[in-house]
Protein chains: 2
Amino acid sequence: MGHGTNRVEDMASPNNGTAGETVVEIHSVCLPPKKTAFQKLKKRVGDVFFPDDPLQRFRNQTWRNRVILGLQSLFPIFTWGSQYDLKLLRSDVISGLTIASLAIPQGISYAKLANLPPIVGLYSSFVPPLIYAVLGSSRHLAVGPVSIASLVMGSMLSESVSPTQDSILYLKLAFTSTFFAGVFQASLGLLRLGFMIDFLSKATLIGFTAGAAVIVSLQQLKGLLGIVHFTGKMQIVPVMSSVFNHRSEWSWETIVMGIGFLSILLTTRHISMRKPKLFWISAASPLASVIISTLLVYLIRSKTHAISFIGHLPKGLNPPSLNMLYFSGAHLALAIKTGIITGILSLTEGIAVGRTFASLKNYQVNGNKEMMAIGFMNMAGSCTSCYVTTGSFSRSAVNYNAGAKTAVSNIVMASAVLVTLLFLMPLFYYTPNVILAAIILTAVIGLIDYQAAYKLWKVDKFDFFTCLCSFFGVLFVSVPLGLAIAVAVSVIKILLHVTRPNTSEFGNIPGTQIYQSLGRYREASRIPGFLILAIESPIYFANSTYLQDRILRWAREEENRIKENNGTTLKCIILDMTAVSAIDTSGLEAVFELRRRLEKQSLQLVLVNPVGTVMEKLHKSKIIEALGLSGLYLTVGEAVADLSSTWKANGQP
Amino acid sequence: MGHGTNRVEDMASPNNGTAGETVVEIHSVCLPPKKTAFQKLKKRVGDVFFPDDPLQRFRNQTWRNRVILGLQSLFPIFTWGSQYDLKLLRSDVISGLTIASLAIPQGISYAKLANLPPIVGLYSSFVPPLIYAVLGSSRHLAVGPVSIASLVMGSMLSESVSPTQDSILYLKLAFTSTFFAGVFQASLGLLRLGFMIDFLSKATLIGFTAGAAVIVSLQQLKGLLGIVHFTGKMQIVPVMSSVFNHRSEWSWETIVMGIGFLSILLTTRHISMRKPKLFWISAASPLASVIISTLLVYLIRSKTHAISFIGHLPKGLNPPSLNMLYFSGAHLALAIKTGIITGILSLTEGIAVGRTFASLKNYQVNGNKEMMAIGFMNMAGSCTSCYVTTGSFSRSAVNYNAGAKTAVSNIVMASAVLVTLLFLMPLFYYTPNVILAAIILTAVIGLIDYQAAYKLWKVDKFDFFTCLCSFFGVLFVSVPLGLAIAVAVSVIKILLHVTRPNTSEFGNIPGTQIYQSLGRYREASRIPGFLILAIESPIYFANSTYLQDRILRWAREEENRIKENNGTTLKCIILDMTAVSAIDTSGLEAVFELRRRLEKQSLQLVLVNPVGTVMEKLHKSKIIEALGLSGLYLTVGEAVADLSSTWKANGQP
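Everything quoted here is computed from the prediction, not taken from an experiment.

**Notes on the relation of the copies chain B and chain A**
Look at the two chain copies: a rotation about an axis and a shift along it is all it takes to match them.
Line of reasoning, step 1. Superposing chain B onto chain A requires a rotation of 180° together with a translation of 0.0 Å along the rotation axis, leaving an RMSD of 0.1 Å. Given the turn and translation reported, the copies of this chain are related as if by a two-fold rotation axis. Distance from the rotation axis, computed per C-alpha, reaches its smallest value in chain B at B:A579: 1.9 Å.
Line of reasoning, step 2. Counting the interface residues of chain B, we find that 100% of their copies in chain A are interface residues as well, pointing to one common contact surface.

Okay, structure coming up:
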């Protein structure tokens with residue numbers, strides 16, 4: 001506290017005055033406790049990277065306990081494993097089998113969405129859930145392929161490599177992208193950079209998901225209409241023109257079958273949404289549809305060839321695919337880019353889903369740990385013929401409703417997939433492609449959350465605009481660019497808010513020491529001789545010039561107002577700095593320059609209640625000295641009272 | 001105000017209590033006056049694009065006055081032109097001639113820095129100052145080529161086109177870049193996007209300028225050592241290796257002459273800096289050095305050929321160059337990019353210089369208008385064989401010290417250049433290149449502002465880091481990339497501040513209604529049963545998850561502390577929202593979720609003093625209703641008093 005004496009006169013006195021006329025105690029503004037640059041850096045790094053204080057649990061523990069806690073935090077299975085009993089197992093088996101009935105048809109469908117062989121979808125529903133069960137901290141996450149990440153991988157890779165002509169290279173790229181997605185996810189967790197996914201705001205995601213859902217739905221027109229020659233592009237315009245250019249290929253048998261099963265699936269979905277207790281109706285209907293439609297095609301196989309079906313699928317477990325990873329060559333950059341984008345999207349979905357259900361059951365999901373779990377799961381997946389996986393919202397909801405208690409439901413689901421892979425693959429020979437399209441359509445239609453978009457419109461127009469940007473960006477430009485545009489818009493919003501912060505004029509609420517915005521509180525009134533301004537933003541290089549000009553304009557306008565009303569001359573400008581949460585060197589210079597300019601107009605500048613870090617910088621840059629003893633107060637009320645009494649003592653009006 | 005009744009009981013009562021025990025009036029929190037979305041958008045657009053309220057002067061004026069005011073604001077010359085008299089002219093002639101003596105040698109030198117023919121530097125000191133005199137609003141700006149923009153243009157263009165082998169194409173590109181620089185500058189002004197240059201913070205500029213100065217100085221080693229074969233690269237490593245690889249080309253005559261004149265120039269500069277009244281010593285020394293060295297070379301021209309000189313320069317005025325502008329072809333993208341970067345750099349320099357001297361003489365320089373003036377000046381320049389120009393700091397300082405009163409000093413300077421172009425060009429035939437190198441070196445050495453960098457280090461470590469980034473980026477990577485890195489670092493700082501905002505615990509200062517940070521004010525003390533937290537940032541998607549987790553952690557830690565000390569149970573968490581200057585839908589959801597979670601732990605959440613826009617959104621999203629009547633207060637003191645008395649009434653401890 002090198003800048004002034006303590007101006008507190010009588011701390012114990014209960015007589016704090018009313019409104020600027022009687023004697024008011026004046027409290028001095030404190031500097032925060034002194035810290036070295038290193039201590040501050042340490043605190044800042046701690047705030048940025050370790051906001052959850054991960055080592056807190058290890059303090060004051062014996063070494064043995066620390067090892068146990070360490071194991072538990074690396075492998076959450078140790079936390080709940082020891083208390084696992086038959087009752088929990090029963091719930092988990094039921095929910096595991098329920099999600100398996102959903103996961104098998106969805107796995108096959110989503111793999112087709114990524115232009116991968118259907119079997120890869122099943123492989124991806126076997127290994128990753130097992131790994132997540134050991135590493136993951138969510139109890140309700142149902143792991144496997146998801147629609148958005150599948151779509152994005154499919155669209156990004158097939159722009160450069162044809163999945164039909166170069167199928168081996170395409171597969172290699174898919175596994176390599178999955179590997180890089182895993183590496184990226186795990187490193188975000190390890191480096192504790194999890195906050196990067198926060199930059200995909202809810203508004204962005206609503207628009208992005210809806211756009212992606214529309215694109216996925218359009219892709220399903222191929223299967224639903226039975227079109228053979230379909231465009232490889234994803235955007236709405238080429239897809240629709242492809243659909244209408246190939247009208248001759250439309251097959252009425254396929255269309256009838258598609259519409260039939262689609263109505264069944266949508267109806268069951270509608271029922272389950274109305275009555276969450278009947279979740280099993282929508283959970284069972286995809287598998288039931290697959291079985292019925294397969295039987296149907298088998299029975300009419302000699303009558304018509306218009307309905308295309310999956311055909312031969314290899315039996316057996318995931319083959320190793322480490323040798324298919326691809327670390328050099330022309331397409332490496334594409335694989336890395338695809339990996340990062342699918343990685344960040346699947347991470348966002350997985351974490352959001354995990355958080356949602358954790359919040360419903362009131363337990364914590366640790367973001368950074370989840371990232372590592374999902375990352376390792378994908379790295380392991382890429383070596384065992386799996387493509388990118390994460391927690392699926394629809395299957396996790398079914399899992400939750402079916403009463404899952406722990407990650408064992410994922411193990412049960414994986415076992416069911418195992419049995420399918422080993423013994424049941426030939427049964428899918430006659431499964432029609434149209435049913436896969438119907439299953440995808442039913443799943444993605446729920447992703448178009450128009451109610452949430454409407455709420456954005458009602459509450460925050462700018463968020464709605466962001467949402468629109470990502471929706472139309474995805475629909476008309478491309479999936480990764482649409483996402484980039486929306487993130488850019490969100491960041492620009494933050495920057496714009498900082499660049500043009502709000503300033504408002506304050507007045508006193510009569511009979512109190514409260515100073516509030518004159519625009520909002522009609523009872524608040526100006527104090528003659530003072531202009532009280534509140535600045536609602538940190539003062540940075542990006543706004544220092546603006547704020548300086550804006551405050552001078554306030555002063556000019558106030559003087560004009562006074563002239564018109566023949567009021568008391570303006571003598572002092574009080575800046576309420578409560579909301580100025582930071583200041584940089586440009587900001588300090590602006591304050592200094594402002595003081596100099598106001599002085600030339602015989603106006604005094606007074607700062608009120610700067611926060612700790614700001615106070616420190618004001619002190620270091622000697623602005624406090626320049627302002628003088630009566631240039632800094634703790635509250636607006638004290639500033640008004642002290643300055644008024646000084647003026648009175650000096651015989652000024 | 002649909003959310004609650006007015007809880008003000010007795011507005012006139014002077015009895016506002018002391019510290020939470022006696023009866024305190026409770027004021028309700030107001031919504032801001034209702035505005036439609038369009039009104040809000042209009043206000044926001046006004047704040048962003050028209051913060052200076054440019055039409056204010058036109059209000060309540062007759063049409064005749066409006067025309068005059070309009071003309072005056074388009075052509076500031078009309079503002080001061082009518083009051084111009086002989087006394088002002090005398091000052092302007094003296095200062096104009098002084099800066100001309102500086103502008104002529106600097107113009108020739110800077111053109112060489114941009115790899116352009118020396119005569120282009122003189123052309124650029126003739127037309128642009130005339131145009132600025134009519135359009136510009138600064139009275140002290142001395143317009144012409146400047147070192148940084150010259151360097152950047154030279155380095156960017158010569159990376160793709162060789163200035164020696166393809167000299168015509170190079171010249172075309174230079175004029176085209178100048179044209180685009182002008183277009184970019186004028187449109188920033190017209191579209192009122194002037195705030196974009198604010199993103200080049202002072203810290204960035206200090207580092208960037210110093211880095212560019214080092215690069216410029218290194219380039220001068222060619223001239224100072226008399227090297228003939230010099231690298232075309234700019235970075236420190238290739239330049240130094242080129243210097244030492246061509247040791248055989250070093251010419252001792254050149255070195256002796258260079259060091260001699262360099263010491264003279266540096267000494268005169270030092271004298272003028274010590275005694276600003278002797279500014280004319282440093283102002284006159286470049287021209288004097290040129291004259292003396294030219295004479296010297298002329299006299300010894302038969303003895304040695306080691307000293308290279310300028311050679312033939314064409315006589316006559318600026319030839320038109322409209323036909324040399326280049327609007328198609330392979331290099332158009334390069335020209336646009338160079339134009340934008342040199343445009344933004346020269347704009348930043350010009351506006352900063354204008355503001356500096358305007359502030360010294362206490363007049364206003366309008367940023368957007370200056371941008372248009374500088375932009376039109378460059379557009380006109382590009383059609384009359386000029387390359388990019390702006391207000392030079394060094395020459396403007398001389399102009400100011402020499403007593404310039406209006407932009408007429410620029411006209412006088414242009415006239416002096418005119419005379420030179422028409423009659424004196426042959427005199428420069430024997431001017432040695434080494435003297436141009438010495439002039440540039442002397443000019444740019446002053447750009448390395450190590451004192452400012454040291455001040456950054458002392459006051460704000462992060463700003464110092466930004467400064468270092470741009471310095472080393474320019475030095476080792478490239479000029480535009482170095483700049484981009486520094487801007488990115490500055491923006492990331494803003495985002496980081498938003499992503500990980502500060503929260504602090506507040507306590508009551510005994511005997512008052514003041515609540516302040518417990519960490520800063522040792523006299524502040526906790527109120528039993530309450531945890532009072534201040535959030536120092538807007539609540540956005542980028543920080544909503546973090547803040548939610550951080551507040552829950554505060555609650556957890558507070559409960560642990562209470563358990564250790566056997567204190568009163570925690571019952572209520574008060575969030576002081578004064579510094580929360582904005583909220584978006586993610587933030588609203590975080591508040592809602594926080595309330596839900598705290599409720600499960602039987603903790604009440606109370607918000608205090610949300611600002612207008614935040615209050616509005618809280619209201620629209622129905623959070624106010626969810627919080628209930630005792631969930632929102634105007635001050636922390638009122639919240640504490642009201643809740644305590646309610647608890648007491650309910651018989652709770």
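**As for helix 6 (residues 127-135) of chain B**
Line of reasoning, step 1. Restricting attention to buried positions, one finds in helix 6 of chain B the residues B:V127, B:P128, B:P129, B:Y132, B:A133 and B:L135.
Line of reasoning, step 2. Looking at the buried side of helix 6 of chain B, the elements it contacts are helix 2 (63-74), helix 3 (77-81), helix 5 (118-123), strand 1 (143-144), helix 14 (367-382) and helix 16 (408-424) of chain B.

**Describing the interface of chain B and chain A**
Line of reasoning, step 1. Across the contact, 101 residues belong to chain B and 102 residues belong to chain A.
Line of reasoning, step 2. Summed over the three residues of chain B that lose the most area to chain A, namely B:R500, B:R520 and B:F541, the buried surface amounts to 10% of that side.
Line of reasoning, step 3. If you look at where chain B meets chain A, you find four salt bridges.
Line of reasoning, step 4. The partner of A:D460 in a salt bridge is B:K617, and the shortest N-O contact between them spans 3.1 Å.

**Some details on the side chain of B:D584**
Line of reasoning, step 1. Along the chain, the position of B:D584 falls in the loop between strand 6 (572-576) and helix 22 (585-600).
Line of reasoning, step 2. Buried within the structure, B:D584 lacks any salt-bridge partner; its nearest side chain of opposite charge belongs to A:K493, at an N-O separation of 4.5 Å.
Line of reasoning, step 3. At 2.9 Å, the side chain of B:D584 and the backbone nitrogen of B:G587 are in polar contact.
Line of reasoning, step 4. Beyond its immediate chain neighbours, meaning those up to four positions away, B:D584 contacts A:D460, A:D463, A:K493, B:I539, B:Y540 and B:F541.

**Focus: the domain arrangement of chain A**
Line of reasoning, step 1. By domain assignment, chain A separates into domain 1 (76-491) and domain 2 (500-648).
Line of reasoning, step 2. Computed from C-alpha coordinates alone, the two centres of domain 1 of chain A and domain 2 of chain A are separated by 55 Å.

**Some words on the pattern of salt bridges**
Line of reasoning, step 1. Within the structure shown, the criterion is met by 24 salt bridges over all chains.
Line of reasoning, step 2. As a salt-bridge pair, A:K493 and A:D463 come within 3.7 Å of each other at their nearest N and O atoms. Of the two residues, A:K493 sits in helix 20 (residues 479-499) while A:D463 sits in helix 19 (residues 461-477), which places them 30 residues apart along the sequence. Judged on exposure class, the residue A:K493 and its partner A:D463 are both buried.
Line of reasoning, step 3. Where salt bridges share partners, they join A:D460, A:D463, A:K493 and B:K617 into one cluster.

**What to know about the pairing of strand 7 (residues 604-608) of chain B**
Residues and elements named next belong to chain B.
Line of reasoning, step 1. Among the five residues that make up strand 7, four are buried, leaving the element largely enclosed by the rest of the structure.
Line of reasoning, step 2. Looking at chain direction, strand 6 and strand 7 are connected through five bridges and run parallel. Among the inter-strand pairings, I573 is bridged to a residue of strand 7, identified as L605.
Line of reasoning, step 3. Taken together, strand 6, helix 22 and strand 7 constitute a β-α-β crossover, and its handedness is right-handed.
Line of reasoning, step 4. Here strand 7 runs beside strand 8 (residues 632-633); their pairing, made up of two bridges, is parallel.

**Things to note about the nonpolar core**
Line of reasoning, step 1. One finds B:L116, B:L151, B:V152, B:F208, B:L345, B:Y387 and B:L421 to be the most contacted residues of the largest nonpolar core, which totals 101 residues.
Line of reasoning, step 2. Setting aside chain neighbours within four positions, we find B:F208 in contact with B:I148, B:V152, B:L345, B:S470, B:F471, B:V474, B:V479 and B:L483.
Line of reasoning, step 3. Membership of the second largest hydrophobic core comes to 93 residues, among which are A:I108, A:L334, A:F428 and A:I435.

**Quick notes on the side chain of B:S217**
Residues and elements named next belong to chain B.
Line of reasoning, step 1. Relative to the assigned elements, S217 resides in helix 9 (residues 202-225).
Line of reasoning, step 2. Residue S217 is classed as buried on the basis of its relative accessible area, which comes to 16%.
Line of reasoning, step 3. Residues in contact with S217, not counting those within four places in the same chain, are L441 and V444.

**Considerations on the sheet that holds strand 8 of chain B**
Residues and elements named next belong to chain B.
Line of reasoning, step 1. The six strands are arranged 4-3-5-6-7-8 in an open sheet whose pairing can be described as mixed. On the outer flanks of this sheet lie strand 4 (515-517) and strand 8, each paired with one strand and no other.
Line of reasoning, step 2. Relative to strand 4, strand 3 (residues 503-508) runs antiparallel, the two sharing three bridges. Looking across to strand 4, one finds that F506 is bridged to S517.

**Structural notes on the confidence of the model for chain A**
Line of reasoning, step 1. Here chain A averages 86 in pLDDT, and 96% of its residues register 70 or above.
Line of reasoning, step 2. Taken over the whole predicted complex, pTM reads 0.81, whereas the ipTM for its chain interfaces reads 0.82.

**What to know about the sheet that holds strand 6 (residues 572-576) of chain A**
Residues and elements named next belong to chain A.
Line of reasoning, step 1. As summarised here, the arrangement of the six strands in space is 4-3-5-6-7-8, forming an open sheet in which the pairing is mixed. Strand pairing shows two members of the sheet lacking a second neighbour, strand 4 (515-517) and strand 8 (632-633), which therefore form its edges.
Line of reasoning, step 2. Along the sheet, helix 21 (residues 544-565) makes contact with strand 3 (503-508), strand 5 (530-535) and strand 6, crossing strand 5 at roughly 150°.

**Concerning the environment of A:I131**
All names here are of chain A.
Line of reasoning, step 1. Mapped onto the elements of the fold, I131 is located in helix 6 (residues 127-135).
Line of reasoning, step 2. Its relative accessible area of 21% is what places I131 among the partly exposed residues.
Line of reasoning, step 3. Along the backbone, I131 and A404 are 273 residues apart, and their C-alpha atoms lie at a distance of 17 Å.
Line of reasoning, step 4. With near-sequence residues (within four places) excluded, I131 lies in contact with M377 and A380.

**Some remarks on the packing of aromatic side chains**
All names here are of chain A.
Line of reasoning, step 1. Taken as a whole, this structure holds 36 aromatic pairs over all chains when the rule is applied.
Line of reasoning, step 2. Seen in terms of ring centroids, Y298 and Y430 are 5.5 Å apart; in terms of plane orientation they differ by 65°. Their pairing is edge-to-face. Of this pair, Y298 sits in helix 12 (residues 279-299) while Y430 sits in the loop between helix 16 (408-424) and helix 17 (433-445), and the two are 132 residues apart along the sequence.
Line of reasoning, step 3. An aromatic cluster of three or more residues is present, and its members are Y298, F309, Y429 and Y430.

Basis of the calculations
- Residues numbered from 1 in each chain as written.
- Chains lettered and ligands numbered in written order.
- Predicted model: local features only at pLDDT ≥ 70, side-chain atom pairs only at ≥ 80, totals over all residues.
- Heavy atoms only, no water.
- Least-squares fit on C-alpha atoms with pLDDT ≥ 70 in both.
- Contact = heavy atoms within 4.5 Å.
- Buried < 20%, exposed > 50% of the residue type's maximum accessible area, 1.4 Å probe, protein only.
- Helix = DSSP H or I, 4+ residues; strand = E, 2+ residues; numbered from the N terminus.
- Buried area = accessible area lost by both parts, 1.4 Å probe.
- Salt bridge = Lys/Arg side-chain N within 4 Å of Asp/Glu carboxyl O.
- Lys, Arg positive; Asp, Glu negative; His and termini not counted.
- Polar contact = N/O pair within 3.5 Å; in protein donor to acceptor, adjacent residues only side chain to side chain.
- Domains from an automatic or database assignment.
- Pairing = 2+ DSSP bridges.
- Right-handed = clockwise from strand over helix to strand, strands pointing away.
- Core = buried A, V, L, I, M, F, W, Y, C linked by side-chain atoms within 4.5 Å.
- pLDDT = per-residue confidence, 0-100.
- Axes fitted to C-alpha atoms, helices over the stretch in contact; angles between N-to-C directions.
- Phe/Tyr/Trp six-rings, centres within 6.5 Å; stacked < 30°, edge-to-face > 60°.

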